Amino acid sequence: MHCVGALHFIDKSATVISYGIQTNSSSTTIRGVTEDPLFKFQLPFQIAAEREIARFLNQDPNLKWSVGLKEYAHPATEYESAFDVAGLVFLLAITMFPFISQMSSLVAEKELKLRQVMSIMGLYESAYWLSWLLWGTVIIFISSLLTVALGVISRFDFFVHNSIVLLFLCFFLFQFSMIGFAFALSTLLSKSSAANTIGFFIFIISYLTGTLVPGDLVKIFPTRYRILWNFFPPNVFSGVIQVLQAATRTHDDKGISWNNRNKCTGIIFPPDGPCSTMDDTFKWFAGNFVFWFLLALYLDNVIPNSSGVRKSVFFFLNPRYWTGSSEGNSAEGCICTSEVPLLDEKNPDDEDVLEEKRMVKDQMRENYSMNNDSNIAVQLRGLAKAYPGTIKLKRCGGCCCTLTRTSTYHAFKGVWMNFEKDQLFCLLRPNGAGKTTLINCLIGNIPVTGGDALIYGNSVRSSVGMTNIRRLVGVCPQFDILWAELSCQEHLQLFGSIKGLPSSSLNSIVKELLAKVKLADAARVRAASCSGGMKRRLSVACSLMGDPKLVILDEPTTGMDPVTRRHVWDVIEDEKKGRSIILTTHSMEEADILGDRIAIVAKGKLRCIGTSIRLKSRFGTGLIASVSFAESTSRKGDAITEPHHEAVKQFFKHHLDVVPKEENKSFLTYVIPREQEPFLSEFFDELEDRKYEFGIADIQLGLTTLEEVFLNIAKKTELENALTEGNLVNITLTSGQTLRIPNGANRRCSKELI
């Protein structure tokens, strides 16, 4: 038996009826709705019981008995919608996403040196910033449009009752002001990961200031603090969102219409009035953009980049900056760096280097004009670059510490050189000898500390001159700087557009260059999918885009197979017509084949300069003589027993006092010192006469290799540097002879040097 309730009569008399009601007081949930037992069963049960008691007392079974419940009058209860509660954080998340994305992309381009390579290829700063501004404007326009559309479709009162145009302008202008804010912050950051972190941190700060500091509190701020407060764009946005939410909080609120935009909103208070209108809010957004954008342009110019290049703090006061005049630009001094004293050289220069220096100085005194008729493309006038020493803290023991300062490092010291047109000038150097630094100074990546360089008459020490230089220069950097998402064809199209090529001929030029470097079949392949050799060929093609007057190739054939390398050599040889090419390489074969003139830089100093033959004749160990023997030989184990070998050795030893540098059963190779050259004619005549006696099949005579020249220069430089620094040690050979060699140097090489 199931009983839902019971009546317990306690007392009954002529004047009193007392009873109790027993029911289940537990709440029940049916189909998601919770039922209160008091109103669902207990009150109806009590009313029914009292009705029957009244009928019994009145002896009337048809007595009508009705009871109604009514509460006292009270203010209407207002329930906040989900949008009123979380609308601010929702709108901030939507509108600040483009800000974080754009700031991160700007910093990533700087971190990967993509902006640097575009600047080297001639991209104007104004074009760079305006392209990002245009792209950002398109993104925020679409974002604002979608935000308003989704809000209206969702039927939120905030979007339905407020003017759609006002809402769109509010979202668009806020994000527009955040573009300028992103530009300014990107100039202060160097890592894209840091940019993402800073972006999300600003989002959190924006939400906290928008929720914890309401508009009524902003109203009591002093005027100067209100102005500073509003220079943070999210503060203005949070304030206007609060006003728009308040205008649609209840069903009786009609929102803010377009015609009411000039009425006081009471949220942003300028110094000249108690409150502001929606129009004033929009003006704040526009003003914030202008302020942060101009600040970004200023900071981008005065903050040193990763290479240390910056402009003067008051660069905008220089008339040449606005007029673009390059007159007298060598003294403009807009590229600033720390002043480091130049090193006084103790070791005399080579005679060819001194002759080159004298010729450049004579041209300077004669005011030599590097116009289109001149044969000189680049002229280095005592160019120097030095890095100041650093201070290090060293613990001596216990609590004692000492400060030590490292000596100044001279990347290169007073280089005087001419690079002529229609020539390929090859720079050779050991690692760390200053070659790449020299190139970076020529293209403006690194500021110089002394001297100057003129490229087609434009000084590298001038910002205006460097702008002109970058229009004339094509660069293949040492390491590939490419966009992973762009294809080979798109890279060339991008650099062609930067160089100002007409769109009508751009595609044909791109196809021609791709075919030249054998990338026609990979035109649509993304750079990320290209091999190392393909990327190098693409970099070479990019450097030739736009027909530059000066092409700088920094180790262009690194990572290429022999066949492709030979093909690229042919391309470089063809392209030097009508322009000057500067090539740096570690391949002596490449320098020997391509170089019209070759210079070797070591320890920051120009050591020698001239043609390949000139360097071999002056700095080689002598002539290379190779004697090949006939096939008939007899071997005893691994030892060479052919009697002809011994006879030839004795002949060379007796006449020239030399021993073989290399030997095997087929040939002997000798290095003949230059001092023996007067006797060679008579010597080889006699050797030719005794050719059959010695069993000689062939005799070859040639100059020493360029690699031998390079090694000799490097060894000599090492010894000179050790002498200058006093870094020599004494060693005793097994013969008892004592030698002084550079500390840590190879003994065999040091013996040759001494």
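Fair warning: this is a prediction, and the values are worked out from it, not measured in the lab.

Participant: I tried to follow unusual backbone geometry on my own but got confused; where do I start?
Facilitator: Outside of glycine, negative phi angles account for most residues, and trans bonds account for most peptide bonds. We note that K113 has phi near 65°; this positive angle belongs to a residue other than glycine. Tracing the backbone shows K113 in the loop between helix 2 (82-111) and helix 3 (114-120). Since its relative accessible area comes to 40%, K113 is described here as partly exposed. A positive phi angle is found at D422, which is not glycine, with a value near 60°. Structurally, D422 is set in the loop between strand 8 (409-420) and strand 9 (424-428). The class of D422 is partly exposed, set by a relative accessible area of 43%.

Participant: How do you make sense of the UniProt feature "transmembrane region" (unreviewed entry) in the protein chain when you look at a structure like this?
Facilitator: Here the UniProt-annotated "transmembrane region" (unreviewed entry) positions come out as residues 85-108, 129-153, 159-185 and 197-215. Between the first and last C-alpha atoms of residues 129-153 the distance is 36 Å; the span itself is 100% helix and 0% strand. Secondary structure within residues 159-185 divides into 93% helix and 0% strand; the distance between the first and last C-alpha atoms comes to 32 Å.

Participant: Is there a simple way to explain the sheet that holds strand 20 (residues 662-663) in this structure?
Facilitator: Within a sheet, neighbouring strands are paired by backbone hydrogen bonds and run either parallel or antiparallel to one another. Read from one edge to the other, the open sheet built from four strands follows the order 20-21-17-22, with strand pairing classed as antiparallel. Because the sheet does not close on itself, it has two edges, and the strands there are strand 20 and strand 22 (696-703). As judged from the six bridges shared by strand 17 (residues 623-629) and strand 21 (residues 667-672), these two strands associate in the antiparallel manner. Paired with V627 across the strands is L668, a residue of strand 21.

Participant: Sorry, what's going on with the nonpolar core here?
Facilitator: The tendency in soluble globular proteins is for nonpolar side chains to be buried side by side. Membership of the largest hydrophobic core comes to 108 residues, with the highest contact counts inside it found for F99, F171, F183, F237, L428, L492 and F495. In terms of residue count, the dominant contributor to this core is helix 6 (residues 164-186) (16 residues). Excluding residues that lie within four positions of it along the chain, F237 makes contacts with L91, L92, T95, C170, F171, F174 and F285. Judged by nonpolar contacts, the second largest core, of 36 residues, contains A377, L427, C441 and A453.

Participant: For this particular structure, what's the right way to read the packing of helix 7 (residues 192-212) against helix 10 (residues 233-246)?
Facilitator: Two packed helices can be described by the angle between their axes and the distance between those axes. The contact between helix 7 and helix 10 brings their axes to 9 Å, and the two run at 40°. Considered as vectors, helix 7 and helix 10 are oriented oblique to each other. The hand of the helix 7/helix 10 crossing is right-handed. Across the interface between the two elements, S206, T209 and G210 from helix 7 touch P234, N235, S238 and Q242 from helix 10. Across the contact of helix 7 with helix 10, the residue classes tally to one nonpolar, six polar and no charged.

Participant: Help me understand the packing of aromatic side chains in this model?
Facilitator: Working definition: an aromatic ring pair is given by the centre-to-centre distance plus the angle between the planes. Within the structure shown, the criterion is met by 31 aromatic pairs. Taken together through their ring pairs, the aromatic side chains of Y128, W129, F141, F168, F172, F176, F183, F289 and F293 make up a single cluster. A cation over a ring is seen here: R224 above Y225, with NZ or CZ 5.0 Å from the ring centre. The ring of W416 carries the charged tip of K361 above its face, separated from the ring centre by 4.9 Å.

Participant: How do you make sense of helix 19 (residues 562-575) when you look at a structure like this?
Facilitator: Residues spaced three or four apart along an α-helix point in a common direction, a consequence of the helix completing one turn every 3.6 residues. The terminal C-alpha atoms of helix 19, which comprises 14 residues, lie 20 Å apart, in line with the 20 Å expected from a rise of 1.5 Å per residue. On its buried face, helix 19 is in contact with strand 9, helix 17 (503-516), helix 18 (532-543), strand 13 (550-554), strand 14 (580-584) and helix 20 (588-594). You can read the cap of helix 19 off the contacts: a side-chain oxygen lies 3.1 Å from the backbone nitrogen of V563, and it is on D561.

Participant: What am I meant to see in the sheet that holds strand 11 (residues 458-459) here?
Facilitator: On the basis of which strands lie adjacent, the open sheet formed by four strands has the order 8-5-10-11 and antiparallel pairing. A strand with exactly one partner marks an edge of an open sheet, and here the two such strands are strand 8 and strand 11. Bridge count for strand 5 (residues 376-387) against strand 8 is nine bridges, and the pairing is antiparallel. Among the inter-strand pairings, K385 is bridged to a residue of strand 8, identified as F412. Here helix 13 (residues 351-365) sits on the sheet and contacts strand 5 and strand 8; the angle it forms with strand 8, its principal contact strand, is near 70°.

Participant: Explain the environment of F237 to me, please; I cannot follow it from the model alone.
Facilitator: Along the chain, F237 turns up in helix 10. Placed 67 residues apart in sequence, F237 and C170 show a C-alpha to C-alpha distance of 7.7 Å.

Participant: Explain the packing of helix 10 against helix 11 (residues 278-302) to me, please; I cannot follow it from the model alone.
Facilitator: The N-to-C vectors of helix 10 and helix 11 enclose an angle of 165°; their axes lie 10 Å apart at closest approach. Taken together, the axis directions place helix 10 and helix 11 in an arrangement best described as roughly antiparallel. Considering the relative orientation of helix 10 and helix 11, their crossing is left-handed. Residue-level contacts link P233, V236, F237, V240 and L244 of helix 10 to M278, T281, W284, F285, N288 and W292 of helix 11. Here the residues of the contact of helix 10 with helix 11 are counted per class, giving nine nonpolar, two polar and no charged.

Thresholds applied
- Residues numbered from 1 in each chain as written.
- Predicted model: local features only at pLDDT ≥ 70, side-chain atom pairs only at ≥ 80, totals over all residues.
- Heavy atoms only, no water.
- Helix = DSSP H or I, 4+ residues; strand = E, 2+ residues; numbered from the N terminus.
- Buried < 20%, exposed > 50% of the residue type's maximum accessible area, 1.4 Å probe, protein only.
- UniProt positions renumbered as here; feature names shortened; annotations may be inferred.
- Pairing = 2+ DSSP bridges.
- Core = buried A, V, L, I, M, F, W, Y, C linked by side-chain atoms within 4.5 Å.
- Contact = heavy atoms within 4.5 Å.
- Axes fitted to C-alpha atoms, helices over the stretch in contact; angles between N-to-C directions.
- Parallel < 35°, antiparallel > 145°, perpendicular 65-115°, else oblique.
- Left-handed = near helix turned anticlockwise from the far one by under 90°.
- Nonpolar A, V, L, I, M, F, W, Y, C, P; charged D, E, K, R; others polar.
- Phe/Tyr/Trp six-rings, centres within 6.5 Å; stacked < 30°, edge-to-face > 60°.
- Lys NZ or Arg CZ within 6 Å of the ring centre and 35° of its normal.
- Expected span 1.5 Å × (residues − 1).
- Polar contact = N/O pair within 3.5 Å; in protein donor to acceptor, adjacent residues only side chain to side chain.

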